[in-house]
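Each chain, written out:
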Amino acid sequence: VSSLLVVNMRVQLFLIVCLVSCVVGSPKNVTLTTMNVLPSLPETPLLFRALETVIELARITVNEDPSILPFSELLVSPVYHFGSAGLAITEMMKLSENDVSLVGGNFFADVSTFTATVGGVFDIAQLSASASSPILADDLSYPLFSRLAPSSAGQGAVIRETILYYGKMQTFGWDKVAVISTSSVYGISLSNEFIANIGEEIEISTYQQFVFEGELTGALTSIEVELEEIKNSGARIIVAFIIGNYENLIVEADQKGLVGENYVWFVSDAISGTFFTNETVIELSRGLLGTFQYIPQDTPQYAGFIDLWNSADPEIFHDAGTVLSPFYFLTYDYVLTAAKAFDEADKLGLLDSGERVSGAVWTDMIREMQFNGTSGPVAFDSIGDRIAPFSISYYVPETGQYELAAIYDETTGFELLKDIVWFSNTTEIPDLDIRDPFHYWSCHDGKKKYDPTGKSVHLHTPDGSNIDDIDFDYHCDHFIDCENMSDEHEDCSADFVTLFIVFGVVTGVLVLIAIFLMFFVIIFGLFLEYRRLRVASPAFLVLLLISIIVGYCSVYAWFGKPHPVACGFQPWLLGLPAISMISALCAKSFRIWRIFKKASLKQRISDLELLGLWALLMLPAVLIVTIWTIVSTPTAEMKDFDDEHYVCTTGGFTGEPGGYVFFSILVAYGALVLLFGIFLSIVTRNVPSMFNESKLLAISIYNLIFLSVVIIPVFLVVNPFNPFAAWILRTVAILYAFTATMVLQFGPPLFGIIVKDKCKNVRVFKTSLTMQQAPKTSSLTTSD
């Protein structure tokens, strides 16, 4: 027993010695140098005065806590930079001269980037409470900088996730974002980080910057130009990464019509951690979404700080008990972190000699530290950034505070905790799909209508056969876009429907006349064998009439709204009948030329042989149109004529200008056949008048040449600008070409039979043919 008493006494003596040595080794005072913005004066903004109060409350708490620096008193020595980076650098150099190796504070990122650089040079560790700019997350540039705030890149991420979350419910309007920032390190770096990581589902409509120099003085900056750009962008989600001037920003935005139930505003921690004093601003900020690192409110540490803040005497502790800012919790914890670092250094004996502790040692101790603070679990990553999730909160004007709505963590993702109360003062998700009202044309109803919402009516592009609602600009624009043609009929000076009726009737009458002439030729030429028709080759007159009838019918291929089938038939219905008509005229003249070239030989050329000549002349045209149809298929597609319209164009393998190439080839071939016709009209000019059709053929050919040389170029120039006039021009040209040929070819024999011959078959005619031209009359009167 006596031996046990001896051992126990020795142990107690050892503990007493250790305790005495600790008391003797620990410094009486440990000083935390804090680099603050402004001193606590009556004219100092509330936030900066309150932060000094929080630092003092944290200092008192540390000194009352026996587990932190039990044998030393924590003192705080503030220095002020007044928001000036130059002054802050000067103060850092003074601290280096005084062997200070750990500095707290530096609330602004715009100042911290400079002091962190200087600290790296002069071996001064820095611990910031709130500088959250992503640019500071660089251990190479700022190796001795640590902070209680995680990089605000996470704030950009929680904004993105919030937009995506509600965008899945509303879709339209939630995919366009406008960004505005102050041209500061904080604003620019956060904006760049946000834009770079926005993803493909969200479009940045515009990014605007403005210079703000009233961070401390309260001076306002006009941002009218920047807000006008945002308004013009059409974005209804506005993200403001700014360090001040919010009150002026939201008031001017309201004047521009950018605040309301159909807009959503986001701000980052530089605004969500501050207070609004203007009543107008407070009301305009209803439903404002603010980001901040997530601060759990269900911890004893959080509740303890609330009690401390509300119980502190405001006569001693300025602004204690007022509305809380989340920056207060970070500032309180940064003092605790620094105190715990001092305590760790004291336990390691680094404070015994009073020698300078290197900044790298302070940095290592801070970054290895973990504890539960008022702002949540305090822990740092390898580059000194706080490890913490982020939150989205909405502003409530009645309380002047933000209500937590959602949290975001890279690991767990986005989690909605509470429905947001938006600007409308309801939880109904804002409708951001706001569009300008517009007038439109209803094809089915044939009248102008109005969509006041700008989105209840879905406008169709006029490329279908059964479209209804189209842009009002399509009304009376000379392009047919409705299947029923109402867009070019109702209240239009250029009325396509009336035009089609008039030309349709005229064309129909001409077709009936041509059919009548065909029956006339068949009856009087083939069956009754009237001489006037026999000498004109009835079979080829019928062929000529068929060509004319098909040519007339081609007009109907351009009636109504363009259709791929109708467009495809146009070269066949117009091109081939035109060539066929010319070829038939040439074949007839060729027979006369061959007969009277050597009249004494009594040459006989049958209709079958002439049909072969006609077919030979037609073969290249058929080949051209066939290849045209296969290679550069005529079709109907949307083309841009100021507005997009559904018109006939070239498709197939080539697309445009393949159609123009084949059209030119067909016209060139037609010109060759016309030249052949001119040659025949010349060489047959002296044959007997009974058989001489050279004048009629020449007139027909000259008509066709005139139409080709004049009408085609004019049509091609006019068509893109005024399809109505171009349609009339083309249709008149078609009707004139075929009608002139029909009149010239059938007018004389019809007049001769009915008027001159009194419908009698006169078989002998007077002729001026000389004996050298025709030795016997009988050879002249034989046509078959």
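Described in the following lines is the structure provided in the data block. (Residues numbered from 1 in each chain as written. Predicted model: local features only at pLDDT ≥ 70, side-chain atom pairs only at ≥ 80, totals over all residues. Heavy atoms only, no water.)

All right, on to a nonpolar patch on the surface then. On the surface, Leu512, Ile515, Phe519, Ile523, Leu526, Phe527 and Leu528 cluster together into a nonpolar patch covering about 690 Å² of accessible area. Looking at the element boundaries, Leu512 is found in helix α14 (residues 496-527). Given a relative accessible area of 57%, Leu512 falls into the exposed group. (Patch = residues over 30% accessible without salt bridge, like charges linked within 9 Å, V, L, I, M, F, W, Y side chains within 5 Å. Areas by Shrake-Rupley, 256 points an atom, 1.4 Å probe, with all protein chains shown as cover. Salt bridge = Lys/Arg side-chain N within 4 Å of Asp/Glu carboxyl O. Helix = DSSP H or I, 4+ residues; strand = E, 2+ residues; numbered from the N terminus. Buried < 20%, exposed > 50% of the residue type's maximum accessible area, 1.4 Å probe, protein only.)

Bringing the side chain of Asp469 into the picture now. Relative to the assigned elements, Asp469 resides in strand β18 (residues 469-471). Although Asp469 lies buried, it forms no salt bridge, and the closest oppositely charged side chain, Lys449, sits 5.6 Å away as judged by the N-O distance. In this view, Asp469 contacts Tyr440, Trp441, Ser442, Val457, His458, Leu459 and His460; residues no more than four positions away in its chain are not counted. (Lys, Arg positive; Asp, Glu negative; His and termini not counted. Contact = heavy atoms within 4.5 Å.)

Okay, unusual backbone geometry next. A cis amide bond links Glu656 with the next residue in sequence, Pro657, at an omega value of 5°. Positionally, Pro657 belongs in the loop between β20 (643-650) and α19 (658-683). At Asn425, a residue that is not glycine, the phi angle is positive and equals roughly 65°. Mapping Asn425 onto the fold places it in the loop between β15 (413-416) and β16 (438-442).

Bringing empty space enclosed by the protein into the picture now. Within the structure shown, the criterion is met by 8 cavities of 30 Å³ or more. There is about 120 Å³ of room inside the largest cavity. Lining the largest cavity are 17 residues; nearest its centre among them are Tyr263, Trp265, Arg286, Gly287 and Phe423. Considering only residue class, the lining of the largest cavity consists of 11 nonpolar, 4 polar and 2 charged. (1 Å grid on protein atoms, 1.4 Å probe; cavity = no way out; pocket = protein on both sides within 12 Å on 5 of 7 lines; lining within 4 Å. Points joined across faces, edges and corners; volume = space filled by probe spheres on them. Nonpolar A, V, L, I, M, F, W, Y, C, P; charged D, E, K, R; others polar.)

Take the pairing of strand β8 (residues 237-241) next. Working note: regular strand, side chains alternate between the two faces of the sheet. When you tally the buried positions in β8, you get 5 out of 5 residues, the bulk of the element. In this sheet, β8 lies alongside strand β6 (residues 176-182) in parallel orientation, the contact comprising 5 bridges. By the bridge assignment for β8, Ser181 is matched with Phe241. Here β8 runs beside strand β9 (residues 264-267); their pairing, made up of 4 bridges, is parallel. Following the sheet pairing, Ile238 is matched in β9 by Trp265. (Pairing = 2+ DSSP bridges.)

For the coordinates displayed, the defined rule picks out 3 disulfides. Through a disulfide, Cys443 is tied to Cys482; the S-S separation comes to 1.9 Å. Disulfide Cys443-Cys482: torsion about the S-S bond near -65°, hence left-handed. Remark: Cys482 occurs in the loop between β18 and α14 and Cys443 occurs in the loop between β16 and β17 (447-451); sequence separation between them is 39 residues. Judged by its relative accessible area of 0%, Cys482 falls in the buried class. Bridging Cys476 to Cys492, the disulfide has an S-S length of 1.8 Å. Between Cys476 and Cys492 the disulfide shows an S-S torsion of about -85°. By sign, it is left-handed. In this pair, Cys476 sits in the loop between β18 and α14 while Cys492 sits in the loop between β18 and α14, placing the two residues 16 residues apart along the sequence. (Disulfide = S-S within 2.5 Å.)

Here we come to the pairing of β9. Going residue by residue along β9, you find Val264 and Phe266 tucked away on one face and Trp265 and Val267 tucked away on the opposite face as well. Read from β8 through helix α8 (residues 246-255) to β9, the crossover connection turns out right-handed. When β9 meets strand β10 (residues 289-293), the two strands line up parallel, connected through 2 bridges. Residue pairing for β10: Phe266 is matched across the bridge by Leu289. (Right-handed = clockwise from strand over helix to strand, strands pointing away.)

This part covers the nonpolar core. If you look at the biggest cluster of nonpolar residues, it comprises 67 residues, and the most contacted ones within it are Leu74, Phe305, Trp309, Tyr328, Phe342 and Trp362. Top contributing element to this core by residue count: helix α12 (residues 326-347), with 13 residues. Non-local contacts of Trp309, meaning those with residues more than four positions away in its chain, are made with Ala50, Thr53, Val54, Leu57, Asp319, Ala320, Gly321, Thr322, Leu324 and Tyr328. Counting residues in hydrophobic clusters, the runner-up holds 63 residues, among them Tyr552, Leu585, Leu610 and Leu735. (Core = buried A, V, L, I, M, F, W, Y, C linked by side-chain atoms within 4.5 Å.)

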